[in-house]
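Residue strings, one per chain:
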Amino acid sequence: MAAPISPHDLETLSAFLDNQLPGRERNRIQERLLAEPALKAALEDLRRTRAVLRRAPRLRAPRTFRLTAAMLQPGAAPNPWFATLRMASILATVALAVLVTGEVAAFRLRSIGLTFGAASPAYEEPAAAAQAPEAESLGATDTTTPLETGPAEGEMTLMAVTETPPALEAAAPAEGGAAADAAEPEEDPVFRTAEKAATPSALRLAQFGLAGLALVSGLAAWLLRRRRP
Amino acid sequence: MDENKLIQYARQGDLDAFNRLVEIHQEAAFNVAYRLTGDAASAEDVTQDAFISAYRSLARYRGGSFRAWLLRIVTNAGLDELRRRKRRPTTALEPEGAEGEEVESPAWLEDPGETPEEAALRGELNAAIQRCLDGLDPDFRLVVVLVDIEGLDYQEAAASARAPLGTVKSRLARARLRMQDCLRGFGELLPAGYRLENEGSL
């Protein structure tokens, strides 16, 4: 009995048999076939196996598989509203999840900001400590380079969020008195964005709207599906 | 009318055009389904379901070999049937006659032009091949059926099996080796000239 051939050689022989080898590999296996009787015998076995399989009786279709209109009838085609409603429900659920996650994240960020605010002189990561003077000097000289001023802006954002409650408190009397004007925080777009984002009523409204949409469309899709025969 | 025109009309909802495509490909579809499931009744169901599914999915056909695309749907349906059967094993593998007895050469296997001896030999060869195919893992069986029995080239087989070309090559080589080992066990049943000797080189 000849030595067994490797899986790689087997694969090469099989592809060679089907004329699926690239030129160089084909030449190489042809040379080996001349020198290695075991390889040649393996090829011959594969060839005969393939020949037997190719002689497998061709079965006639026992009947026609032509389609009729009845086969494509309902039950069959889903109601076109089903897909729309299902998609609306999915999207509303995803959007709701994003909003809720965002709100939670903002809340946590605010908490962290408070911590930073309380411990700001002491709290400095080593990397941040290394960059802080540079960032400060850049902040003072060139505030238009977003990449380099990134950490400083981040710090400003945190501080702005942290200071939101006093700022909001100050906003009410600001309409009436000059003393309040002194307490007004400096005009900062980041601060304004954070303040807007914290507006609870709009957020709640959106959350309730999305939850309602998800529920109603999901329920409608489920009912449509149940009505299908 | 050529196949592309038929596909185009079928995509516009012309059921007659689609049925012309069914007539062209139903034999290949049934053969693949039968070789995969090893059972004529299941193969009929799989083939019919696959054509219904193909009609509904025509919008997703993006050109290329229509046969490969269609056979991909058939193989998906066939593999689903195998999975279902694995969960709830029930069916008999041999075809039965009206009185429940096993039929060696069912109607879809008969060839009116052959002698009884030839028919018997053909039936035995068919049974031997099917028995060996049934012993392969479905993924390996599929590649042998597509390439060696249905005559698809490697590209078409890769498209039908949803597998990379290299995977098809490797599966085919290993499946052929296993078929070779299995078919050796049938010795005399195989046609003269195709018998695989027991003292093979592997």
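Along each chain, residues carry numbers from 1 onward, in the same order as the chain's sequence is written. Note on labels: chains are lettered from A, ligands numbered from 1, in written order. Two thresholds apply to this predicted model, a pLDDT of at least 70 for residue-level local features and 80 or more for giving and counting side-chain atom pairs, whereas whole-chain, interface and lining totals are computed over all residues.

To qualify as a helix, a DSSP run of H or I must reach at least 4 residues; to qualify as a strand, a run of E must reach at least 2; elements of each kind are numbered from the N terminus. Within chain B one finds eight helices and zero strands. Seen in sequence order, chain B has helices and strands lined up from the N terminus as α-α-α-α-α-α-α-α. Three exposure classes are used, all based on how many other C-beta atoms lie within 10 Å of a residue's own C-beta (placed from the backbone): buried at 20 or more, exposed at 12 or fewer, and partly exposed between those limits. With 202 residues in all, chain B has 37% of them scored as buried.

Turning our attention to the overall build of chain A. Assigned secondary structure in chain A consists of 10 helices and zero strands. Ordered by position in the sequence, the α and β elements of chain A form the string α-α-α-α-α-α-α-α-α-α. Buried residues in chain A amount to 14% of all 229 residues. Here the contacts in chain A between residues at least 6 apart in sequence split such that 68% fall between residues at least 24 apart. What counts as a contact is two residues whose backbone-derived C-beta atoms lie within 7 Å of each other.

Once that is clear, we can look at the confidence of the model for chain B. pLDDT measures how confident the predictor is about each residue, on a scale from 0 to 100. Here chain B averages 85 in pLDDT, and 80% of its residues register 70 or above. Scored as a complex, the prediction yields pTM 0.59 and ipTM 0.82.

With that out of the way, let us pick up the interface of chain A and chain B. The accessible area lost on association of the parts is a frequent measure of interface size. Taken together, the contact between chain A and chain B spans 35 residues of the former and 43 residues of the latter. Counting only elements with at least two residues in the side of chain A that touches chain B, the list comes to helix H1 (7-17) and helix H3 (37-54) of chain A. It is H3 of chain A that provides the largest number of residues to the side of chain A that touches chain B, a total of 12 residues. Side-chain classes are defined by residue name, with Ala, Val, Leu, Ile, Met, Phe, Trp, Tyr, Cys and Pro counting as nonpolar, Asp, Glu, Lys and Arg as charged, and the others, Gly among them, as polar. Looking at the side of chain A that touches chain B, its residues break down into 22 nonpolar, four polar and nine charged.

Glancing now at the confidence of the model for chain A. Residues and elements named next belong to chain A. When pLDDT is averaged across chain A, the result is 73; 56% of the residues are at 70 or more. Taken as a whole, residues 122-130 scores under 50 in pLDDT and shows four contacts with residues more than four places along the chain or in a different chain. Low confidence marks residues 132-183, where pLDDT is under 50. Its contacts with residues over four positions away, or in another chain, come to 45 contacts.

The backbone of Asn19 of chain A sits at a positive phi, close to 60 degrees, despite the residue not being glycine. Mapped onto the fold, Asn19 of chain A is located in the loop between H1 and helix H2 (23-35). Despite not being glycine, Arg162 of chain B has its phi angle at roughly 55 degrees, a positive value. Positionally, Arg162 of chain B belongs in the loop between helix H7 (154-161) and helix H8 (165-184). Overall, Arg162 of chain B belongs to the exposed group, with 11 C-beta atoms counted inside 10 Å.

Further remarks concern helix H4 (residues 66-87) of chain B. Note on helix geometry: an α-helix contains 3.6 residues per turn, so any two residues three or four positions apart are oriented the same way. Residue and element names in this part refer to chain B. Spanning 22 residues, H4 covers 32 Å between terminal C-alpha atoms, matching the ideal 32 Å at 1.5 Å per step. Those residues of H4 not exposed but buried are Trp69, Leu70, Leu71, Ile73, Val74, Thr75, Ala77, Gly78 and Glu81. Of the surrounding elements, those touching the buried residues of H4 are helix H2 (15-37), helix H3 (40-56), helix H6 (138-149) and H7. Here the expected length of a helix is defined as 1.5 Å per residue gap, with one fewer gap than residues.

Next up on the list: the packing of H2 of chain B against H6 of chain B. Residue and element names in this part refer to chain B. Angular values range over 0 to 180 degrees, each being the angle between N-to-C directions of two axes fitted as lines to C-alpha atoms, with helices fitted over their stretch in contact. Where H2 meets H6, the axes come as close as 10 Å, and the angle between the chain directions of the two elements is 140 degrees. In the packing of H2 onto H6, the handedness of the crossing is right-handed. Contacts between H2 and H6 pair Val32, Arg35 and Leu36 from the former with Arg141, Leu142, Val145 and Ile149 from the latter. Taken together, the residues that form the contact of H2 with H6 break down as five nonpolar, no polar and two charged. By convention, the crossing between two helices is left-handed when the near helix turns anticlockwise from the far helix through less than a right angle, and right-handed when the turn is clockwise.

Here we come to the environment of Arg47 of chain A. Residues and elements named next belong to chain A. Mapped onto the secondary structure, Arg47 falls in helix H3. For Arg47, a count of 12 C-beta atoms within 10 Å gives the class exposed. Residues Arg47 and Leu17 lie 30 residues apart in sequence; the distance between their C-alpha atoms is 7.0 Å.

Another aspect to go through is the packing of H1 of chain A against H3 of chain A. All names here are of chain A. Following both chains from N to C, one finds H1 and H3 inclined at 55 degrees, their axes separated by 10 Å at the closest point. Compared by their axis directions, H1 and H3 come out oblique. The way H1 lies across H3 gives a crossing that is right-handed. Of the residues in H3, those touching H1 at Asp9, Leu13, Ser14 and Leu17 are Leu39, Ala42, Leu43, Leu46, Arg47 and Arg50. Residue classes in the contact of H1 with H3 are distributed as six nonpolar, one polar and three charged. Angle categories: roughly parallel below 35 degrees, roughly antiparallel above 145, roughly perpendicular from 65 to 115, and oblique for all the rest.

Here the focus is the nonpolar core. Residues and elements named next belong to chain B. The term nonpolar core refers to a set of buried Ala, Val, Leu, Ile, Met, Phe, Trp, Tyr and Cys residues connected through C-beta atoms within 7 Å. Of all hydrophobic cores here, the largest spans 58 residues; its most connected members are Ala29, Ala33, Val74, Val143, Val144 and Leu146. For this core, the leading source of residues is H2, giving 10 residues. Setting aside residues up to four positions removed in sequence, Val143 forms contacts with Ala157, Ala161, Val168, Arg171, Leu172 and Ala175.

This part is about the environment of Glu150 of chain B. Residue and element names in this part refer to chain B. Tracing the sequence through the fold places Glu150 in the loop between H6 and H7. With 20 C-beta atoms packed within 10 Å, Glu150 lands in the buried category. Between the C-alpha atom of Glu150 and that of Asn31, which follows or precedes it by 119 residues, the distance is 8.0 Å. Excluding residues that lie within four positions of it along the chain, Glu150 makes contacts with Ala28, Asn31, Val32 and Val145.

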